[in-house]
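A closer look at the structure
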Amino acid sequence: MMKPAKRVESIDLSGIRKMFDMVGEDSINLALGEPDFDTPSHIREAVKEALDEGFTHYTGNTGIMELREAIAHKLQTDNHINASPESIIVTVGASGALYSSINAIVEEGDDVIIPDPGFVAYDACVKLSGGRSVSAQLKDENDFRMIPEDVLEQVTPRTKAIIMNSPGNPTGAVLEKEDVKGMADIADDHDLILISDEIYDKIIYGKKHYSPAHYSDNVITVNGFSKTYAMTGFRIGYLSIPSKLTEEILKIHQYSVTCTTSISQKAALAALQGPQDSVDQMRDEFQRRRDLVVGRLRDMGIECNQPHGAFYVFPRMDNPEKFVEAALKKDVVLVPGSSFGKYGEGHFRISYATSYEDLQEAMDRLESLNWQNK
Ligand SMILES: Cc1ncc(COP(=O)(O)O)c(C=O)c1O
């Protein structure tokens, strides 16, 4: 009999993907973590040019120099991180950056503290690497921010790394400066590696984004192009790392994917070097949708915090599984909060990366359930 590895068997396929299987023709899918906008045209043009020039071969393992230079420049100017092209690896999405860095640093028996509720890949990557994930609960009353004191309570001699994510999936939470600095201090004081997933750094409303790598050298910064530039299908992201770890992470990256797709690297270069107005336009539209969704849910009597970033709302209710099921019967696809960890229970997630009109229609359908009055 063909037997899979136990550590792989122990992982479930993403609950979000399972929801996709239920999407019908009239469904409005609010389960998707993907901007509905087209990739800006100058980025698509850059791909056509790359193809015409025959830029269709392997590149260096860490990515083309022009792109790593542009990423280093972005990290220096936007995030105040002391990055250099040599500290950067261009990866297959932020997902590839997370996978390679976690696998390079986690050993059998190590603990990794992860945000809970949190992005589904954190727990899975830790388990795939043979480690154990330890939940740091993100609480409603803290607006789902990761609070350094709460994280510190979970640190033990087995702890190898901590993952943080601001702005956060699935809650839309944005960490304050003192939270970020506090996390960097924990990494320094306990000699831990802090993996900071900053994929939503440009999708932020009225708040400022802070990067822990500004405060500490023990940080791996993960980012990508999927969300900011509506480039999910290009599968391109990156990580920036302290030099002592570059080579080790590169081994995982090199022996799993060799390098990132050549033409996606040209697209990413155009994204960073081209006009940024589409980023602002998308951000403004996301904010308009957030206001619609939060307002309508509250009018229905459904409690939810005001998210300050990303494109998710994470409302609470007593029996979210039943609600998600009822919504599905009305052709609105939501995700139960428990898909994001045990502390996600009692919540559900709405992604508002869908057109304003579809969101209005989806809210009408949810309202027709008359849920809070039942
Ligand atoms: C928090 C977070 N990190 C990473 C990713 C993965 O992004 P990419 O498409 O760059 O692999 C996602 C995608 O949903 C995400 O929400």
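It should be emphasised that the depicted structure is a prediction, and the values quoted were computed from it without experimental measurement. (Residues numbered from 1 in each chain as written. Predicted model: local features only at pLDDT ≥ 70, side-chain atom pairs only at ≥ 80, totals over all residues. Heavy atoms only, no water.)

**A closer look at the packing of helix 3 (residues 41-52) against helix 10 (residues 262-273)**
The description of two helices packed together rests on the angle between their axes and the distance between the axes. Where helix 3 meets helix 10, the axes come as close as 8 Å, and the angle between the chain directions of the two elements is 140°. If you check the angle between helix 3 and helix 10, you find them oblique. The two elements helix 3 and helix 10 meet at a crossing, and its hand is right-handed. Where helix 3 abuts helix 10, its residues His42, Ile43, Ala46, Val47, Ala50 and Leu51 lie against Ile263, Lys266, Ala267, Ala270 and Ala271. (Axes fitted to C-alpha atoms, helices over the stretch in contact; angles between N-to-C directions. Helix = DSSP H or I, 4+ residues; strand = E, 2+ residues; numbered from the N terminus. Parallel < 35°, antiparallel > 145°, perpendicular 65-115°, else oblique. Left-handed = near helix turned anticlockwise from the far one by under 90°. Contact = heavy atoms within 4.5 Å.)

**Description of the environment of alanine 5**
Tracing the backbone shows alanine 5 in the segment before helix 1 (6-9). The exposure class of alanine 5 is partly exposed, given its relative accessible area of 34%. Each C-alpha atom, one on alanine 5 and one on leucine 128, is 9.8 Å from the other, the two residues being 123 residues apart in sequence. (Buried < 20%, exposed > 50% of the residue type's maximum accessible area, 1.4 Å probe, protein only.)

**Digging into the domain arrangement of the chain**
Entries for the chain in the domain assignment read domain 1 (6-39 + 277-373) and domain 2 (41-273). Contacts between the two partners involve 38 residues from domain 1, matched on the other side by 38 residues from domain 2. Buried surface at the junction of domain 1 and domain 2, summed over both partners, amounts to about 3200 Å²; 60% is from carbon and sulfur atoms. It is Thr39, His308 and Tyr343 in domain 1 that bury the most area against domain 2; as a group they hold 25% of the surface buried on that side. Where domain 1 touches domain 2, the interface holds one salt bridge. (Domains from an automatic or database assignment. Buried area = accessible area lost by both parts, 1.4 Å probe. Salt bridge = Lys/Arg side-chain N within 4 Å of Asp/Glu carboxyl O.)

**Section: the side chain of threonine 39**
Tracing the backbone shows threonine 39 in the loop between strand 1 (28-29) and helix 3. Within polar-contact distance, the side chain of threonine 39 engages the backbone oxygen of alanine 230 at 2.7 Å. Among all residues touching threonine 39, those that are not within four sequence positions of it are Arg44, Tyr229, Ala230, Met231 and Phe234. (Polar contact = N/O pair within 3.5 Å; in protein donor to acceptor, adjacent residues only side chain to side chain.)

**Some words on the side chain of threonine 91**
Of note, threonine 91 is situated in strand 2 (residues 88-91). A polar atom in the side chain of threonine 91 sits 2.8 Å from the backbone oxygen of glycine 93. Those residues within four positions of threonine 91 in sequence are excluded, and the remaining contacts are Gly96, Ala97, Arg235, Ile236, Gly237, Tyr238, Leu239, His253 and Thr260.

**Quick look at the sheet that holds strand 6 (residues 193-197)**
Within a sheet, neighbouring strands are paired by backbone hydrogen bonds and run either parallel or antiparallel to one another. Across the sheet, seven strands lie side by side as 2-8-7-6-5-3-4; this open sheet has mixed pairing. If you trace the sheet from one side to the other, it starts and ends with strand 2 and strand 4 (132-137), each paired once. Taken over all neighbouring pairs, the strand axes of this sheet differ in orientation by 20° on average, direction set aside. In this structure, strand 3 (residues 111-116) lies alongside strand 4, joined through six bridges in parallel fashion. Paired with valine 112 across the strands is serine 133, a residue of strand 4. Along the sheet, helix 8 (residues 177-189) makes contact with strand 5 (159-165) and strand 6, crossing strand 5 at roughly 165°. Seen against the sheet, helix 9 (residues 243-257) touches strand 2, strand 6, strand 7 (219-224) and strand 8 (237-240) and runs at an angle of roughly 15° to strand 2. (Pairing = 2+ DSSP bridges.)

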